[in-house]
Amino acid sequence: MKKGAGGSLAIVVPPDGGWGWVVVFAAFYCNVVVDGIIYSFGMLLKDMVDSFHESESKISIVGSLLNGFYLIAGPFVSALLNSVDFRAVTIIGSIISCIAFACATYVQSLYQLMFCYGIVGGVGFSMIYVSAVLIPGFYFDKWRALATGIAVCGSGIGTFVLAPLNAYLVQQGGWRITIVVQAGLALSCALVGILFRPLKPTIVEVPISNNPVVMEPKIPEDEPLLTINAERKMSLDSKHNSSKIGAPTVEEIYNHLSDRLTSEPQKISLSCHSLNTHHQYLKDKLSPPETPEKKLSVVSLRRPSLSAHLMDRDDRFFGGSLSRLPQYSSQVSSLNYAMSVTRIPAWNEIEEEGEDPCAKNNSFRKNMKKYYKSAMHTLTTMLDFSILSSPSFLVLTCSGFLTLLGFFVPFMYISEKAISEGMDKNVAVWLVSTTGITNTLGRVICGWISSYESVDPILVNNVSLTFGGLYTILLPILPYSVFSYYLYASLFGFSMACFASLRSTMIVELTGLELLTNAFGVLLMFQGVAAAIGAPLLGLFKDLTGNYNMSFYLSGVILVTSAVICYPLRRVKKWEEDKKLRQHNV
């Protein structure tokens, strides 16, 4: 990189409003469909047992594979997002899950059902789910916690609506007709996925002087999110890279291009709102008059030298309030923050000298190579298991594995357990719905509480898991009554909401924002495996004992254990930091 040579940056700054609220509604709907179908699978359980003449624990593998693969496929979907975009991935995922469910209605073997409905359907659902969870953060910074919270509340609402709907459809037409309806719902996500349109970037020119120039977006929606043009091919110094992050931030590149000696925040723009709505004003106020040689041409934007893609931001998986992040609170504007957390991978190079940029075949090969490299960059980052060498993150990963091991047992078996105790079917069907609606309430409250810096998200998570596990242990012990079951469903749904809401916040507390992508990917893999084996494994005890009591006992014990091992997590983290400090001083 030629120091002080200048250049140009085209970086997406979330507008914090406008079309973003339409995107939030679309993400909310996708979560309604995906999580609603996943959490209400227990409504199909009995009818599938009668159809295949297999045990409930074996039939539950179908739903558990659906649960597991929509988590396990998360890192791979994220890699695909880095090469394509939210809209395309959501539409493709909707079509895959629709076809998988449609094929599942014709199967005659349980193993065929496991493959079509569980594995393939789970992969399709993962593409919808990951897109729906991540895209609110693409449109919002200031209101990210609210936007993400609204979107993920679709999970509880979907459980509330689809549990009784699935039960009604099973009663009227059987599980095959129910899955046909689910296929249609999955396909409907493609329609709302069209609303996931890309944002146009705001262009910031870096002239040789230190005076930035902000220009209005002039490039199509499908252009790269961040581009840099310089006079010479860039080769970033190794001092900018760390072994884990492996890429400099846009802020570092900006400082290098403008030959600034300090990386202190400099106010480049008025505000995120101004950047996205008052482009002409910014041009008049910030652009130097009559300096056409410093303007960024449309031709140069269509052939970028370097590009940062969707997943090349440290905060992409962070769904909490950005006010908890020092990277956000220390910046003077949303543009500065975006530049400080967006990275340009080292593999992202400009055209080799001598290449003919007009050659179509060469352009096609270049694009395929670019898509492959961008996908593999994200995948290798997310699945870097060396992060497990951190004792604090290893404890968190074990806790997450145990949590998902016992998490789905109540969703899968509570209705059938209540019916076996004597509850009317029409009453028992609303137990899962009750869990869903209190889960929604819990997400809202937990998200609000965790926005305060004085609140310890790890402690809130631990206490919630502890109570959720204790409720599950006590359910088989207490005398049977409709009230006790509905009370349990309410309390369990509320408690488990905190675990789902605080996952990314806890990771940042332990690993820092820079390693969030890596940590989140590894955690997803472990949780996906646990979700795939948890309900069938604990369901075996129903086959052995003839009732569900032992399954609930073990589920509760596992949940409590997942909380207990995290109580000393702060001490483990402090010990880890002290150890690194001693090694550094030696």
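Residues numbered from 1 in each chain as written. Predicted model: local features only at pLDDT ≥ 70, side-chain atom pairs only at ≥ 80, totals over all residues. Heavy atoms only, no water.

Undergrad: Quick one: what's the story with the packing of helix α5 (residues 86-104) against helix α9 (residues 175-193), residue by residue and with numbers?
TA: Running from amino to carboxyl end, α5 crosses α9 at an angle of 170°, the nearest separation of the two axes being 8 Å. Classified by the angle their axes make, α5 and α9 are roughly antiparallel. With respect to the hand of their crossing, α5 and α9 are arranged in left-handed fashion. Along the contact surface, α5 presents R87, T90, I91, S94, I95, S97, C98, F101, A102 and A104, while α9 presents W175, R176, I179, Q182, A183, A186, L187, C189, A190 and G193. Residue composition of the contact of α5 with α9, grouped by class: 13 nonpolar, 5 polar and 2 charged. (Axes fitted to C-alpha atoms, helices over the stretch in contact; angles between N-to-C directions. Helix = DSSP H or I, 4+ residues; strand = E, 2+ residues; numbered from the N terminus. Parallel < 35°, antiparallel > 145°, perpendicular 65-115°, else oblique. Left-handed = near helix turned anticlockwise from the far one by under 90°. Contact = heavy atoms within 4.5 Å. Nonpolar A, V, L, I, M, F, W, Y, C, P; charged D, E, K, R; others polar.)

Undergrad: Run through helix α21 (residues 482-511), naming residues and quoting values.
TA: Taking 1.5 Å of rise per residue, the 30 residues of α21 would be expected to cover 44 Å, and the 44 Å separating its terminal C-alpha atoms lies within 8% of that figure. The largest bend in α21 amounts to roughly 55° and is located at L502. Burial analysis of α21 places 21 of its 30 residues in the buried class, the great majority of the element. Just downstream of α21, G512 is the residue with a positive phi angle, here 90°. (Expected span 1.5 Å × (residues − 1). Bend = angle between axes of the 7 residues up to and from the residue. Buried < 20%, exposed > 50% of the residue type's maximum accessible area, 1.4 Å probe, protein only.)

Undergrad: Can you explain a nonpolar patch on the surface? Please cite residues and give values.
TA: Side chains of L459, V463, F467, L470, V564 and Y567 sit close together on the surface and give an oily, nonpolar patch of about 500 Å² of accessible area. Per element, the largest residue contribution to the nonpolar patch is 4 residues, and it comes from helix α20 (residues 457-474). Taking the relative accessible area as the measure of exposure, V564 reaches 46% and is therefore partly exposed. (Patch = residues over 30% accessible without salt bridge, like charges linked within 9 Å, V, L, I, M, F, W, Y side chains within 5 Å. Areas by Shrake-Rupley, 256 points an atom, 1.4 Å probe, with all protein chains shown as cover. Salt bridge = Lys/Arg side-chain N within 4 Å of Asp/Glu carboxyl O.)

Undergrad: Any details on the side chain of S551? Residues and values, ideally.
TA: Inspection of the secondary structure assignment puts S551 in helix α23 (residues 549-564). Polar contacts involving the side chain of S551 include one to the main-chain carbonyl oxygen of L538, which spans 2.6 Å. Excluding its chain neighbours within four sequence positions, the residues that come into contact with S551 are V409, L538, G539, F541 and K542. (Polar contact = N/O pair within 3.5 Å; in protein donor to acceptor, adjacent residues only side chain to side chain.)

Undergrad: Describe the nonpolar core, naming the residues involved and giving the relevant values.
TA: Core analysis: the largest hydrophobic core is formed by 125 residues, its most contacted members being M48, L113, Y117, F125 and L431. With 15 residues, helix α6 (residues 110-139) is the single largest residue contributor to this core. Taken together, domain 1 (8-204) and domain 2 (388-585) each give at least three residues to this core, which thus spans both. Beyond its immediate stretch of four places on either side in the chain, M48 contacts F41, H53, I59, L113, W175 and I179. (Core = buried A, V, L, I, M, F, W, Y, C linked by side-chain atoms within 4.5 Å. Domains from an automatic or database assignment.)

Undergrad: Residue-level account of the side chain of S155, with values.
TA: Secondary-structure assignment places S155 in helix α8 (residues 154-173). Those residues in contact with S155 that lie beyond four places of it in its chain are N31, D35, Y39 and R443.

Undergrad: I'd like to hear about the packing of aromatic side chains, residue by residue, with values.
TA: This model, assessed by the stated rule, comprises 24 aromatic pairs. Taking the centre distance of 6.5 Å and the plane angle of 65° together, the rings of Y488 and F552 count as edge-to-face. On the criterion of sequence distance, the pair formed by Y488 in helix α21 and F552 in helix α23 is long-range, its members being 64 residues apart. Considered together, Y488 and F552 belong to a single accessibility category, that of buried residues. These aromatic residues form a ring-pair network of at least three members: Y39, F407, F408, F411, Y488, F492 and F552. Directly above the ring of W19 sits R197, whose terminal nitrogen or CZ lies 4.0 Å from the centroid. One Lys or Arg, K417, reaches over the ring of F552 and ends 5.8 Å from the middle of that ring. (Phe/Tyr/Trp six-rings, centres within 6.5 Å; stacked < 30°, edge-to-face > 60°. Lys NZ or Arg CZ within 6 Å of the ring centre and 35° of its normal.)

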